[in-house]
Amino acid sequence: MTADQLIFLGTGGGRFSMITQKRRTGGIRLIGSSNIQIDPGPGSIAYSHQLNIDPSKVDSLLISHCHPDHDNDAEIYIEAMTNGGTKKRGTLIAPKGVIEGNDICEVRISNYHKNQLAKVIKAEIGKTIILENAKIEVVNAKHQDPDTVGYKLSLESIDLGYTSDTEYFSGLGSQFKGVDTLLVCVLRPRDVPIKGHLCTNDVIKILDEAKPKLCILTGFGIRMIYANPDREAKFIEQASKIKTIAARDNMVLKLVEYKTQDNRDSLSRFLN
Ligand SMILES: [Zn+2]
């Protein structure tokens, strides 16, 4: 089995983490059976090089919504993936707002860059996308960008969920039922809620519904950083009885260690 790994090129989220880079905003790289860059915020390409993780090896760019802390470096990744636009390759998966624009954001990726890719796939809720070595399901999120989505990724080693930026809504957690590892973007610490985002208290409700083996917190806003994400993770773990860790910039996580089912069918089940 390929050793799927998550590399946190950044764990910051929201305007003030992004402006100050108190936590980096590079998003998450998945390396192993697939090479996927998730939500490349500002600095992602630079942080990727800093860690000697070649951005030109990325096969798919997975973007959740049209805020700069999640999509700023997308065009630069496309240039890297296509050797500066000389080689048509790679897949972009992103919601309508990013690809075409919507009422609250302009189109985020130019036609020049979209034309460099082998494939551009619009992420619509309920859609299943089959990549070479992964299956991706698009799930719901409620955020300022009305087209925001979350993702469920079935990889060779495990099933992974990513909430993206969202506020809590009924059914948010149950969308991720059965995933082994759940990545949750939690902007605020406990008892400091804000519209459009999650705080610590919301994560406990999500875990009650989703019951993953591991929860990883990321996307920290400034207040969360000052509150100490490790402390918030411990609070969530005690309340939910689900192992919870706060991601750190440059953290590398081997996913196979967090597989929940011993006899999970191979990914080839749905790729064939
Ligand atoms: Zn956002």
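Thresholds applied
- Residues numbered from 1 in each chain as written.
- Predicted model: local features only at pLDDT ≥ 70, side-chain atom pairs only at ≥ 80, totals over all residues.
- Helix = DSSP H or I, 4+ residues; strand = E, 2+ residues; numbered from the N terminus.
- Rg over C-alpha atoms; globule rule 2.2 N^0.38 Å.
- Contact = placed C-beta atoms within 7 Å.
- Buried ≥ 20, exposed ≤ 12 C-beta atoms within 10 Å, placed from the backbone.
- Axes fitted to C-alpha atoms, helices over the stretch in contact; angles between N-to-C directions.
- Left-handed = near helix turned anticlockwise from the far one by under 90°.
- Nonpolar A, V, L, I, M, F, W, Y, C, P; charged D, E, K, R; others polar.
- Pairing = 2+ DSSP bridges.

**Digging into the overall build of the protein chain**
- The number of helices and strands found in the protein chain is 10 helices and 14 strands.
- The C-alpha radius of gyration of the protein chain comes to 17 Å, within 12% of the 19 Å expected for a compact globule of 272 residues.
- Counting only C-alpha atoms, the protein chain reaches 50 × 45 × 35 Å along its principal axes.
- Within the protein chain, contacts between residues separated by at least 24 positions form 63% of all contacts whose residues are at least 6 apart in sequence.

**Observations regarding the environment of threonine 20**
- Positionally, threonine 20 belongs in helix α1 (residues 14–20).
- Using a count of 11 C-beta atoms within 10 Å as the deciding quantity, one classes threonine 20 as exposed.
- Residues threonine 20 and threonine 86 lie 66 residues apart in sequence; the distance between their C-alpha atoms is 35 Å.

**Some remarks on the packing of helix α7 (residues 200–210) against helix α9 (residues 229–240)**
- Direction vectors running N to C along α7 and α9 enclose 35°, while the axes themselves pass 9 Å from each other. Judged by the sense of rotation from one axis to the other, the crossing of α7 with α9 is right-handed. Across the interface between the two elements, Thr200, Val203, Ile204, Leu207 and Asp208 of α7 pack against Glu232, Phe235, Ile236, Ala239 and Ser240 of α9.
- Looking at the contact of α7 with α9 residue by residue, the class counts come to six nonpolar, two polar and two charged.

**Details of the sheet that holds strand β9 (residues 149–154)**
- Ordered in space as β7-β8-β9-β10-β11-β12-β13, the seven strands form an open sheet in which the pairing is mixed. A strand with exactly one partner marks an edge of an open sheet, and here the two such strands are β7 (128–130) and β13 (243–246). For this sheet, the mean angle separating the axes of adjacent strands, direction not counted, is 20°.
- Note that β7 and strand β8 (residues 135–140) share three bridges and pair antiparallel. Bridging across to β8, isoleucine 130 finds its partner in lysine 135.
- Against the sheet, α9 engages β12 (214–218) and β13, with an angle of about 170° to β13.

**Description of the sheet that holds strand β14 (residues 252–254)**
- One open sheet holds the seven strands; their spatial order is β6-β5-β4-β3-β2-β1-β14, and the pairing between them is mixed. In this open sheet, the two strands that pair with only one neighbour each are β6 (119–122) and β14. Pairwise comparison of adjacent strand axes, ignoring direction, gives a mean angle of 15° for this sheet.

**Concerning the environment of aspartate 180**
- Relative to the assigned elements, aspartate 180 resides in the loop between β10 (159–162) and β11 (181–185).
- A residue is classified by how many C-beta atoms lie within 10 Å of it, and aspartate 180, with 22 of them, is buried.
- Taking the C-alpha atoms as reference points, aspartate 180 and glutamate 257, separated by 77 residues in sequence, lie 9.8 Å from one another.

**Details of unusual backbone geometry**
- Its identity as a non-glycine residue notwithstanding, glutamine 21 has a phi of 55°, on the positive side.
- Within the secondary structure layout, glutamine 21 lies in the loop between α1 and β2 (28–31).
- Positive phi outside glycine occurs at asparagine 52, with the angle close to 60°.

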